[in-house]
Amino acid sequence: RLGAALMSQLDYERALASFNKARAINATDPWLFINMGTTLSQLGQSSEAINAFQQALLLDKNSAEAYLRLGQLYIHNNNFIAAEEALIKACQLQDDSYHIQLSLADAYQCNSKYDLAIKHYFAADKLQPKSQNIYTKLDKLILYGGSKKNESLLDNLAEELDRDQGMQSWINAWLVEE
């Protein structure tokens, strides 16, 4: 508990020390390693963070949270293929998570899989409607995924709309800018 409290106060050095003490007492809690990995990531110790997330997955192979945080770290480290793999697994375990859907969409976008990115941005929007974060990401996807005339992207956006009013407003505003 102390480590999590220190982590929430952004005191990562002391949080890590607390997690290391807890690990010496009980190294069987996957959440200990998830929190440790998150802390190590915040300290810029990516290799150690990856090891901690992988240890959490050894303890609980069905931890969507461990796969999510591992995938997010891989994105941060520009290892987009590994990110995609970890986030697909997270999504298979828990497809009703806004953060998993959003992170998987980001990984797909980084891997130039724009149609899949759109699908998961829309899935995230259904879980947390009208998130400005998603609209901003869709703007970037359209801009970096090709020209605004990219018919494949526009067709996929149209298919995914499914009468979502928030997304419909975004599409209408985006088309006016063109």
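Residues numbered from 1 in each chain as written. Predicted model: local features only at pLDDT ≥ 70, side-chain atom pairs only at ≥ 80, totals over all residues. Heavy atoms only, no water.

Glancing now at the overall build of the protein. If you tally the helices and strands in the protein, you get 11 helices and zero strands. For the protein, the N- to C-terminal ordering of α and β elements is α-α-α-α-α-α-α-α-α-α-α. The burial tally for the protein puts 46% of its 178 residues in the buried class. Contacts spanning at least 24 positions in sequence make up 47% of the contacts within the protein whose residues lie at least 6 apart. For the protein, the exposed area adds up to about 9,700 Å²; of that, 48% sits on carbon and sulfur atoms. (Helix = DSSP H or I, 4+ residues; strand = E, 2+ residues; numbered from the N terminus. Buried < 20%, exposed > 50% of the residue type's maximum accessible area, 1.4 Å probe, protein only. Contact = heavy atoms within 4.5 Å. Areas by Shrake-Rupley, 256 points an atom, 1.4 Å probe, with all protein chains shown as cover.)

The end-to-end C-alpha separation of helix H7 (residues 98-110) is 18 Å, in line with the 18 Å expected for 13 residues at 1.5 Å each. A large share of H7 lies buried, amounting to 11 of its 13 residues. Ser-112 occupies a position one or two residues after H7 and carries a positive phi of about 60°. (Expected span 1.5 Å × (residues − 1).)

Let us now look at the nonpolar core. In this structure, Met-36, Leu-70, Leu-87, Tyr-121 and Ile-134 are the most contacted members of the largest nonpolar core, which totals 47 residues. Ranked by the residues each element gives to this core, the list is headed by helix H5 (residues 64-76), at eight residues. In contact with Leu-70, not counting residues within four places along its chain, are Ile-50, Phe-53, Leu-57 and Ala-86. (Core = buried A, V, L, I, M, F, W, Y, C linked by side-chain atoms within 4.5 Å.)

A few words on the environment of Leu-127. Within the fold, Leu-127 resides in helix H8 (residues 114-127). Sequence separation between Leu-127 and Tyr-98 is 29 residues; the distance between their C-alpha atoms is 5.6 Å. Residue contacts for Leu-127: discarding those within four places in its chain leaves Asp-95, Asp-96, Ser-97, Tyr-98 and Gln-101.

On to the environment of Asn-62. You can see Asn-62 is positioned in the loop between helix H4 (46-59) and H5. Here Asn-62 falls in the partly exposed class, since its relative accessible area comes to 46%.

With that settled, consider the packing of H4 against H5. Packing of H4 against H5 brings their axes to within 9 Å, and their N-to-C directions diverge by 160°. Taken together, H4 and H5 sit at an angle that is classed as roughly antiparallel. Remark: the crossing between H4 and H5 carries left-handed chirality. Contact with H4, carried on its side by Ser-46, Ala-49, Ile-50, Phe-53, Gln-54, Ala-56 and Leu-57, involves Ala-66, Tyr-67, Arg-69, Leu-70, Leu-73 and Tyr-74 of H5 and no other residues of that element. Across the contact of H4 with H5, the residue classes tally to 10 nonpolar, two polar and one charged. (Axes fitted to C-alpha atoms, helices over the stretch in contact; angles between N-to-C directions. Parallel < 35°, antiparallel > 145°, perpendicular 65-115°, else oblique. Left-handed = near helix turned anticlockwise from the far one by under 90°. Nonpolar A, V, L, I, M, F, W, Y, C, P; charged D, E, K, R; others polar.)

Viewed as axis vectors pointing N to C, H5 and H7 meet at an angle of 30°, and their least axial separation amounts to 10 Å. Of the two possible hands of crossing, H5 and H7 adopt the one that is left-handed. Across from Ala-64, Leu-68, Gln-72 and Ile-75 in H5, the residues of H7 making contact are His-99, Ile-100, Ser-103, Asp-106 and Ala-107. Here the residues of the contact of H5 with H7 sort into five nonpolar, three polar and one charged.

So, on to the pattern of salt bridges. Inspection of every chain in the model, using the stated rule, returns three salt bridges. The partner of Arg-14 in a salt bridge is Asp-11, with the nearest N and O atoms 3.2 Å apart. Take Asp-11: its relative accessible area is 23%, and that puts it in the partly exposed class. Among the ionic pairs, Glu-65 bridges to Arg-69, the shortest N-O distance being 2.7 Å. Residue Glu-65 and its partner Arg-69 are located together in helix H5, separated by four residues, close to a single helical turn. Residue Arg-69 is classed as buried on the basis of its relative accessible area of 19%. (Salt bridge = Lys/Arg side-chain N within 4 Å of Asp/Glu carboxyl O.)

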